[in-house]
4 protein chains.
Amino acid sequence: MIIVLKPEATRDVADALLAKIASLGLKPLFLPGTERVVLGALGEERVLEQLHLESHPMVERVQPILSPYKLVSREVRPHDTIVSIGNAVVGGTRFTMIAGPCAVESHEQMLATALAVKEAGATVLRGGAFKPRTSPYAFQGLGVSGLRILCDVGREVGLPVVTEVVDVADVDVVAQYADCLQIGARNMQSFQLLKVCGQAKKPVLLKRGMSARLEELLLAAEYIVAEGNDQVILCERGVRTFEPAMRNTLDLGCVPYLKARTHLPVIVDPSHGTGARELVSPMAKAAAACGADGLIIEVHENPEVAKSDGKQSLYPEQFRRLVHELRPVVEAVGRRMS
Amino acid sequence: MIIVLKPEATRDVADALLAKIASLGLKPLFLPGTERVVLGALGEERVLEQLHLESHPMVERVQPILSPYKLVSREVRPHDTIVSIGNAVVGGTRFTMIAGPCAVESHEQMLATALAVKEAGATVLRGGAFKPRTSPYAFQGLGVSGLRILCDVGREVGLPVVTEVVDVADVDVVAQYADCLQIGARNMQSFQLLKVCGQAKKPVLLKRGMSARLEELLLAAEYIVAEGNDQVILCERGVRTFEPAMRNTLDLGCVPYLKARTHLPVIVDPSHGTGARELVSPMAKAAAACGADGLIIEVHENPEVAKSDGKQSLYPEQFRRLVHELRPVVEAVGRRMS
Amino acid sequence: MIIVLKPEATRDVADALLAKIASLGLKPLFLPGTERVVLGALGEERVLEQLHLESHPMVERVQPILSPYKLVSREVRPHDTIVSIGNAVVGGTRFTMIAGPCAVESHEQMLATALAVKEAGATVLRGGAFKPRTSPYAFQGLGVSGLRILCDVGREVGLPVVTEVVDVADVDVVAQYADCLQIGARNMQSFQLLKVCGQAKKPVLLKRGMSARLEELLLAAEYIVAEGNDQVILCERGVRTFEPAMRNTLDLGCVPYLKARTHLPVIVDPSHGTGARELVSPMAKAAAACGADGLIIEVHENPEVAKSDGKQSLYPEQFRRLVHELRPVVEAVGRRMS
Amino acid sequence: MIIVLKPEATRDVADALLAKIASLGLKPLFLPGTERVVLGALGEERVLEQLHLESHPMVERVQPILSPYKLVSREVRPHDTIVSIGNAVVGGTRFTMIAGPCAVESHEQMLATALAVKEAGATVLRGGAFKPRTSPYAFQGLGVSGLRILCDVGREVGLPVVTEVVDVADVDVVAQYADCLQIGARNMQSFQLLKVCGQAKKPVLLKRGMSARLEELLLAAEYIVAEGNDQVILCERGVRTFEPAMRNTLDLGCVPYLKARTHLPVIVDPSHGTGARELVSPMAKAAAACGADGLIIEVHENPEVAKSDGKQSLYPEQFRRLVHELRPVVEAVGRRMS
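Everything quoted here is computed from the prediction, not taken from an experiment. The numbers attached to residues start from 1 for each chain and follow its sequence in the written order. Written order decides the labels, with chains lettered from A and ligands numbered from 1. Given that this is a predicted model, residues contribute local features only at a pLDDT of at least 70 and side-chain atom pairs are listed and counted only at 80 or more, while totals for whole chains, interfaces and linings are drawn from all residues. The basis for the side-chain values is all heavy atoms of the structure; hydrogens and waters are excluded.

Brief notes about the relation of the copies chain A and chain D
Here two copies of a chain appear, and what relates them is a rotation about an axis with a shift along it.
Next up, step 1: Between the two copies, chain A and chain D, the superposition gives an RMSD of 0.0 Å; the rotation angle is 180 degrees and the shift along the axis is 0.0 Å. Classification of the inter-copy transformation places it as that of a two-fold axis. Looking at the rotation axis and the C-alpha trace of chain A, the residue lying nearest is Phe242 of chain A, at 2.1 Å.
Next up, step 2: Most of the interface of chain A is mirrored in chain D: 100% of its interface residues are interface residues there too. To line up the copies, we fit them by least squares on C-alpha atoms, keeping just the residues with pLDDT of at least 70 in both. By definition in these notes, contact holds between two residues if any of their heavy atoms fall within 4.5 Å.

Comments concerning the environment of Val4 of chain A
Next up, step 1: Working definition: helices are DSSP H or I runs of at least four residues, strands are E runs of at least two. Numbering for both runs from the N terminus. Take Val4 of chain A: it is sitting in strand β1 (residues 2-5).
Next up, step 2: Here the term buried applies to any residue with accessible area under 20% of the maximum for its type, exposed to any over 50%, and partly exposed to those in between, with areas from a 1.4 Å probe on protein chains only. Overall, Val4 of chain A belongs to the buried group, its relative accessible area being 0%.
Next up, step 3: C-alpha separation for the pair Val4 of chain A and Glu60 of chain A, spaced 56 residues apart in sequence, amounts to 5.5 Å.
Next up, step 4: If sequence neighbours within four positions are ignored, Val4 of chain A has contacts with Arg36, Val37, Val38, Val59, Glu60 and Arg61 of chain A together with Ile65 of chain D.

As for the interface of chain B and chain A
Interface size is commonly expressed as the accessible area that is lost once the parts come together.
Next up, step 1: Taken together, the 49 residues of chain B in the interface contact 49 residues of chain A.
Next up, step 2: We define a salt bridge as a side-chain nitrogen of Lys or Arg found within 4 Å of a carboxyl oxygen belonging to Asp or Glu. Where chain B packs against chain A, one counts six salt bridges.
Next up, step 3: In this structure, Arg240 of chain B engages Glu216 of chain A in a salt bridge whose closest nitrogen and oxygen atoms are separated by 2.7 Å.
Next up, step 4: Pairs of N or O atoms within 3.5 Å make up the polar contacts considered here, provided that, within protein, one atom can donate a hydrogen while the other can accept it, and that residues adjacent in sequence are counted only when both atoms are side-chain atoms. Taken together, chain B and chain A are joined by 26 residue pairs in polar contact (both at pLDDT 80 or more).
Next up, step 5: Elements that contribute at least two residues to the side of chain B that touches chain A include exactly α5 (191-199), α6 (214-226) and α9 (277-289) of chain B.
Next up, step 6: Per element, the largest residue contribution to the side of chain B that touches chain A is four residues, and it comes from α6 of chain B.

Structural notes on the pairing of strand β3 (residues 37-42) of chain C
Within a regular strand, side chains alternate between the sheet's two faces.
Residues and elements named next belong to chain C.
Next up, step 1: The buried fraction of β3 is high, at five of six residues.
Next up, step 2: When DSSP finds at least two bridges between two strands, those strands are taken to pair. Relative to β3, strand β1 (residues 2-5) runs antiparallel, the two sharing three bridges. Of the residues in β3, the one forming a bridge with Val4 is Val38.
Next up, step 3: Strand direction decides the pairing type here: strand β2 (residues 27-32) and β3, joined by six bridges, are antiparallel.

A short note on the relation of the copies chain B and chain A
Next up, step 1: Superposition of chain B onto chain A requires a rotation of 180 degrees combined with a translation of 0.0 Å along the rotation axis, giving an RMSD of 0.0 Å.
Next up, step 2: Both copies contact each other with a shared surface, as 100% of the interface residues of chain B are interface residues in chain A too.

Brief notes about the sheet that holds strand β1 (residues 2-5) of chain D
Strand pairing within a sheet occurs via backbone hydrogen bonds; the two strands may be parallel or antiparallel.
All names here are of chain D.
Next up, step 1: On the basis of which strands lie adjacent, the open sheet formed by four strands has the order β2-β3-β1-β4 and antiparallel pairing. Among the strands making up the open sheet, the edge pair consists of β2 (27-32) and β4 (59-63). This sheet shows a mean twist of 20 degrees between the axes of neighbouring strands, independent of strand direction.
Next up, step 2: To obtain an axis, a line is fitted to C-alpha atoms, over the contacting stretch when the element is a helix, and the angle between two such axes runs from 0 to 180 degrees between their N-to-C directions. Against the sheet, helix α1 (residues 11-23) makes contact with β1, β2, β3 (37-42) and β4, and its axis sits at roughly 160 degrees relative to β2, the strand it touches most.

Spelled out as structure tokens, the structure:
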């Protein structure tokens, strides 16, 4: 860790800080420059957190050398983690399609959509039972009865299911019905939820928050893995920027960036990432081309009557065509669709 | 509501949509332009949500005329809501100071800080027992024993207390110890938490999310008020932008913007809003000058050893000076410090 | 155009505004709602700009129905514009590689790099002679002598050249030496420069500004086309967001978004778009996969000694490999590398 | 400067880099850590720019210790720079009001507005002759005849004038008519324009770019001062964020941040900073409260017919009231209106 002192810091201040660093077992360094004194701390710098050096009135700033996350890092585990969702897998050389409606609305709607996406090539079914909605007047999901429908339909068609959990109190019931727990963008930093999902015996699909830095996403995953659950999938779903043309700005650059730093699989949600049906297919191909491990896509048997996110949901026929067009792109980057 | 159709939309599509609008009791309008057909819907347009018109493949976009929030709107209730926290009040012509450490660390630390902020002029005491922290390796707060310390110290010094609640399961216990429930920036869209706090019999201090639009903040407050609790204080605490110089960008423009649209009081947190001790005092004055109803400020008896946010915490002496310098600004805009 | 009046607007105000609308030859509409009066104006609404309706104290907001740009729109010209740079083309079914160093440094450096990128498959050579640099103490480019080197090397190796013009006074000299004028991100809204490049007899490569909305990019292109020059290439090069992990956030979603709305070709700059050599190749493939018409990539014969942007410049060998790996992706989306 | 090497960097790489550092006269440091090797360079690190260390394939990142700007820094010149615009001054203990219309439209309009703002307390008159406009179809300003009107009216009413210059070729003519050259937000990084304004014998009002970091703003000012002109005023005018409620997000936190780091005066433009007439007055007071040296405000004798920015222009009567209400705020922070 590098500690830059303010110009007015005296030698005594520096000595006191160096003594603190040494007391924690790190090697202290005194680096007097022409305009600033800089201190260094060599070793496992993460223990310095407890010194709160940045709070000291004579410290200008503190610059860590090491990443603050550890368990999710490729430096700790160089090989790709493969996550199993029921009989489907995410990670490695496969490219996985997760698809289904934004919200579970009825058994009929789920079944029709599930059959369509399975036939087209999806290997995991999605559907929301607990829906976080911006307005209290919007459809809030079917809750536990939605979970039951999702689970039943998954079994009927033979697809494992993933669904969002929004509240710590619901983790048990969601884990009972679902093959994978989804933590949504708005809850990426609901730390208690992360911990409880880390204790659950189900894989976790963790979406990046709307304005979460990639380091924060990795630290959120670290919360889950630190509880003993290393079956975590990261998901880029667009971030919030100044651009009003699209619902979100899909940050695909994060795919190769993350995959270089973590062993966890990274998938992309082009539905929320664009907010527009017309843009889903090109962005799905782009995600595959830059190395994503899969996609999660909203498909509805009839988007015109969808209770949420209809504008960004594909018609079953569009999804079929997308999978068809996606295959050569996936193969062009040396992977295969599972 | 204005519905802009795509250029290729036929008259039949328009007629079908108009019939749907009429079936919900709104007055439908057909407005054929030179390049686009536009439809209108006159009346209580919020019911149109259920039609999901934006999902229709022939609809280019939908533009609401009315705000999506209602109960928190000044159009519904023109007069300022005054929120009572114990014997303190927020709103109206008073200017309220809420102060205290980021986290409750010990009885001694809380007591020393509480005495200092009370003597300087604060009328509400803050302190976190459940701390949402970006890293799993950072101090996570004392939990319920922190609540007890906060509550005890509040009684000792005679100040009502506000503290953050991060989980639905904790609302009861926090409400038992605290005079006001704080919902933090990361939970502004934890909708279940909003609902449960809306059912609690305590006022709620609702912080704006890190990248929350003002309309979303008002809708979050609408969730609380819709449950029957109109004792809600909005709090601007800085938003996330491209600027790395400060922890957040304090969006003071939102103060007059919000106060024109809602009857709820609006306060400002210049500690998180800047992340730097040196900037707290000037931004506190700016907040007062543009019409905020109060401030929430981090003060620690000794920021150098604070377990969190020490960098942005004021020394007690700095807080005293701030209150002293703030008074003429508060009076210059026609208010008085309570 | 839709004009929403404030709640307190009287019928007289509405009538006066309607009369103004009618006086410009548009059909005025009066749409009284339950909470707001809305006015409409049917016809070529762009003439309403001169009424400045948004400035009226009784107008709450104004919502245009039509896009503010016209000449660059696909509605005006449905077919793809093909831009010729020397003997190379951009647009249509081809996928074009533009490559070269950030800055022209010497004849040797340019020649070595030009030979390498041509051999690898680039059909246009890039190189900056006038360099806009954040710091006055950084290398500012070789100016006119750099132009001469670029031009000479282009002829030697048989590649047309593109280079940035930063100042109106330089347009003539740059147009004399270069086959295509580049307008950089920082100058996307240097309107006088846009106009003068619109009068030049050379194609223009227009980069999106660092925080430019897509509508603003299209309006910047409209400035050029309105002067009679329709040989304009749009270029996404990353936008500025809250994310510090990368130099910019590459907004690939804009590629299909723009191509649906404009007939102009759209290319991508993954070098500036990521700022990191390691990310260039995956993002180049992603750009191809989502429908870009080409790429502009920084390559330097020896990035370690590059005078600018070395961190994001590919080694010649990396560029060769990129072109090799890119080909199947380009073909997977039905295009061919030119 | 701190140079963090990649984990795979060998001792030889480190030695080669250390030799380069030493060859430039800096003291090299070798700091081997547990997971990374860190190198240091003590001394005038700005010369290291020429080594382009960040481009080296074995360098993970480079962290400067010193700020990249120098002449504008308070460390170089601790005392406030006072800028003179005609007989008005900006900086020090005074608080300066600059006011006038967005655009010069006619002699009558300018005269009426100038008389009103002078009578209310403004000491500098603003008015645009060259208008940068997003759309080519919008009013582009009167050009040189606008300059003449502005200059004439300034003399008639006895106010010095400030006006924007958008093109290098216009600097001479603008300097002939105006008492202060304004560089607009879109041109903050038009480096040639900065240099030429640095050579002019007139003070420069430099607006922060729409998404410019504060370090970039200071470097832009450094361009001007490096040419010998230290009469530079910095101006915060709002930045672009995700928030659509306002035209821009006014970043007032930058005022105390900048004033701690530079000796140049800092003023605020609440007109562009909010885009809404109703918000100008509260944000003007907030700017004064947090230590701004003055304001630049758009006032139009009749905003309803203003050719640009009418929505954010004050009526003369509103400006009069603002100055009246501002005075006690200015005095509350220990300054006086000039």
